[in-house]
Amino acid sequence: DTAVSQTPKYLVTQMGNDKSIKCEQNLGHDTMYWYKQDSKKFLKIMFSYNNKELIINETVPNRFSPKSPDKAHLNLHINSLELGDSAVYFCASSQDWTGGLNTEAFFGQGTRLTVV
Amino acid sequence: GQQVMQIPQYQHVQEGEDFTTYCNSSTTLSNIQWYKQRPGGHPVFLIQLVKSGEVKKQKRLTFQFGEAKKNSSLHITATQTTDVGTYFCAGHRDDKIIFGKGTRLHILP
């Protein structure tokens, strides 16, 4: 069983489209994250949810909207896709929120988004 | 704003040589984590350091957390081809998680 699974693995879409990436974790963790990794491999946190509540909302365009229907799922919806949104998006989860001891993050396999 | 600087950005070493990557934070951290990402893969947790001056070892890997809890290092002894990848530190403070930009390790056979 994959601990953190995200779908799809690859996503190619045209500018202006709306797309969603889904993420599920079966680890029973309370915290989930979305990260963006650009072409230079820089990892940057976008959002974090703890028990379905938004904890971190970094400076990302409001075209990006996370949704957490329950604590095992954190989906990412992107409106009006732009060329600059092309990147690998990683979902992750951890037992505790930052500051706790159990903040080891388990990452999904990533979704490579290409906007053309 | 809070920053975590990681150097070097790239490192090419001969197989069998040692390798070190360093992270420096502009502010005191509550803890720091290290991750490894293989080419085409996802980040995988290696270790977490919490205490001032803490040193932890995992086989050929040695992790250190500075006394001021602002800097950290990862040292690999006698690198092997399986060590190829990008090593990231991630500093935690309050409600912030900041990843360093990573050090990409390339092993020359």
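To be clear, the structure that these remarks concern was listed above.
Participant: Even after reading the chapter, I still don't get the nonpolar core, so can you show me in this structure?
Facilitator: Grouped burial of nonpolar side chains is what soluble globular proteins tend to show. All names here are of chain B. W34 and F63 are the most contacted members of the largest nonpolar core, which totals 20 residues. Elements represented by at least two residues in this core include exactly β3 (19-25), β4 (31-37), β5 (44-49), β7 (61-65), β8 (71-76), β9 (85-93) and β11 (103-108). Apart from the residues lying within four places of it in its own chain, the contact partners of F63 are W34, L46, I47, L49, E54, V55, K56, Q58, S73 and L74.

Participant: Looking at this model, I keep getting lost on the sheet that holds strand β6 (residues 55-58) of chain B. Mind explaining?
Facilitator: What links the strands of a sheet is backbone hydrogen bonding, and the strands pair in either a parallel or an antiparallel sense. Residue and element names in this part refer to chain B. One open sheet holds the 5 strands; their spatial order is β1-β3-β8-β7-β6, and the pairing between them is antiparallel. Among the strands making up the open sheet, the edge pair consists of β1 (4-7) and β6. Direction aside, the axes of adjacent strands within the sheet are offset by 15° on average. Relative to β8, β3 runs antiparallel, the two being bridged by 6 bridges. Paired with Y22 across the strands is S73, a residue of β8.

Parameters and conventions
Residues numbered from 1 in each chain as written. Chains lettered and ligands numbered in written order. Predicted model: local features only at pLDDT ≥ 70, side-chain atom pairs only at ≥ 80, totals over all residues. Heavy atoms only, no water. Core = buried A, V, L, I, M, F, W, Y, C linked by side-chain atoms within 4.5 Å. Buried < 20%, exposed > 50% of the residue type's maximum accessible area, 1.4 Å probe, protein only. Helix = DSSP H or I, 4+ residues; strand = E, 2+ residues; numbered from the N terminus. Contact = heavy atoms within 4.5 Å. Pairing = 2+ DSSP bridges. Axes fitted to C-alpha atoms, helices over the stretch in contact; angles between N-to-C directions.

These results come straight from atomic positions and should not be treated as a statement about function.
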